[in-house]
Amino acid sequence: MTVLTNARVVLPDGVRHGELRIEAGRIAAPSPVTEDVLDLAGRYVIPGFVDIHVHGGAGASYQSGRGEEARRAAEFHLAAGTTTTIASLVTGSPGELADAVAGLADLAADGVLAGIHLEGPYLARERCGAHNPTLLRPPDAAEFRRLVALGRGHLRMITLAPELPGALDLVREAADAGVIAAVGHTEAPGATARAAFDAGARVATHLFNAMRPLHHREGGPIAAALNDPRVIVELIADGVHVESGVVRLAFEAAGAGRVALITDAMAAAGMGDGDYRLGGMEVQVRDGRATLAGGSSIAGSTITMADAFRRAVTEVGLPIEQAAEAAALTPARALGIDSRVGSLEPGKDADLLVLDDDLAVARVMKGGRWR
Ligand SMILES: [Zn+2]
């Protein structure tokens, strides 16, 4: 039993001053038994972050599927407060994706990852962003089934462009296989995006980025996602991908219960400026901004969830409980694991963060153990 006392405990419905008890790796109900007391002197305690879209960090990328490299990326983000992480794969050849999914499934089975996200390869050429355009292909149900089998239950999400031939069938197939279909890297008009949500898609991948923009006579996938109460929208709140005023608009439209903050971080996160690779594409990082070499396409971010959370409070101006919801509970709901993680409620895993006075992550606890 660990008791954190004199804490400002950030709960979904507000901040409660008092204690938080941890027993056998889980948040415990209040009780008079007391041992191992840690006085937090009024610091905030928030749930550990849940990142449903991240490609790597600390110089390591999930794309290779190699265990040691993937562990390094996951460890880096864990130290920054991400206690639940999905590993995202950019578009690759059939062989590369098969190897990566098979390799990462081992780490998911070990509990290092909460699952795998295929970002592609069934994406729109005109919205490919940093994905290799020569490897994009139309939805291929046979390839998808092979990847589901290689993932051994750990393939959790696939981003696809719903306007491609066969995409809506793949959305239905994904839903049946327990894989969350996400609409992204798309040029679809609103009607096609709505058809994808009706077919079972439940997430919009990095809303605003790599998709047909919002137009007042054709709202496209952005209006379709924001207007659909079944859909959770991802936002890269790094101050580069989406400006704070637009982040604020998305929160006003959908509420913190439908906005998931993500990093979309690539290997350069935590490494500083330099030259990197993302799925075979060369990426330059200058002043923390990652772009394709020789181009202007933004190529993922270099932030951690701690940065995204802090910016949501300090730059966007969200109340801390809403920022915590968007960084933990909402993404956990997107994955269907919110009965286990995402908030500091009795019975859930003791995945939590202690913040210092400027909202930086000071300590990380996962499963009741300090990291
Ligand atoms: Zn991505």
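Scroll up for the structure.
As the structure is a computational prediction, the values presented were derived from the model and not from experiment.

Trainee: Describe the packing of aromatic side chains, naming the residues involved and giving the relevant values.
Mentor: Per the counting criterion, the structure on display carries one aromatic pair. Ring geometry for F49 and F309: centres 5.5 Å apart, planes at 40°, overall tilted. Taken together, the positions of F49 in strand β6 (residues 49–51) and F309 in helix α8 (residues 305–314) put the pair 260 residues apart, joining distant regions of the chain. With relative accessibility at 1%, the residue F49 sits in the buried group. Positioned over the ring face of Y44 is R8, at 4.0 Å from the centre of the ring. The ring of W370 has R363 lying over it, and the distance from NZ or CZ to the ring centre is 4.0 Å.

Trainee: Mind laying out the nonpolar core, listing which residues take part and the relevant values?
Mentor: One recurring pattern in soluble globular proteins is that nonpolar side chains are buried together. Ranked by internal contacts, the top residues of the largest apolar core, which has 82 residues, are Y62, L89, L207, F251, L261 and F309. In terms of residue count, helix α2 (residues 94–109) provides more of this core than any other element does, eight residues in total. Of the domains in this structure, domain 1 (2–46 + 348–370) and domain 2 (49–335) are the two that each give at least three residues to this core. Excluding its chain neighbours within four sequence positions, the residues that come into contact with L89 are H55, Y62, Q63, L97, A100, V101, L104, I116, H117, L118 and E119. I180, A182, I232 and I262 belong to the second largest nonpolar core, which has 16 residues in total.

Trainee: Lay out the pairing of strand β1 (residues 2–11) with the relevant residues and their values.
Mentor: Taken across its 10 residues, β1 has eight buried, putting it largely inside the fold. Of the pairings in the sheet, the one linking β1 to strand β2 (residues 14–23) comprises eight bridges and is antiparallel in character. Looking at β2, one finds that V9 is bridged to R16. Remark: two residues form the turn of the hairpin made by β1 and β2, two consecutive strands paired antiparallel. Sheet topology places β1 next to strand β4 (residues 37–39); three bridges connect them, and they run parallel. Counterpart to T5 in the pairing with β4 is D39. With two bridges connecting them, β1 and strand β5 (residues 44–47) associate as parallel partners. Across the sheet, V9 pairs through a bridge with V45, a residue of β5.

Trainee: Tell me about the pairing of strand β11 (residues 155–160), and name the residues and values.
Mentor: Of all six residues in β11, six are buried; the element is thus mostly enclosed. Handedness of the crossover joining strand β10 (residues 115–119) and β11 through helix α3 (residues 141–151) is recorded here as right-handed. Two elements, β11 and strand β12 (residues 180–183), share four bridges in a ladder whose sense is parallel. Looking across to β12, one finds that M157 is bridged to I180. For the segment spanning β11, helix α4 (residues 167–176) and β12, crossover handedness is right-handed.

So, how was this worked out
Residues numbered from 1 in each chain as written. Predicted model: local features only at pLDDT ≥ 70, side-chain atom pairs only at ≥ 80, totals over all residues. Heavy atoms only, no water. Phe/Tyr/Trp six-rings, centres within 6.5 Å; stacked < 30°, edge-to-face > 60°. Helix = DSSP H or I, 4+ residues; strand = E, 2+ residues; numbered from the N terminus. Buried < 20%, exposed > 50% of the residue type's maximum accessible area, 1.4 Å probe, protein only. Lys NZ or Arg CZ within 6 Å of the ring centre and 35° of its normal. Core = buried A, V, L, I, M, F, W, Y, C linked by side-chain atoms within 4.5 Å. Domains from an automatic or database assignment. Contact = heavy atoms within 4.5 Å. Pairing = 2+ DSSP bridges. Right-handed = clockwise from strand over helix to strand, strands pointing away.

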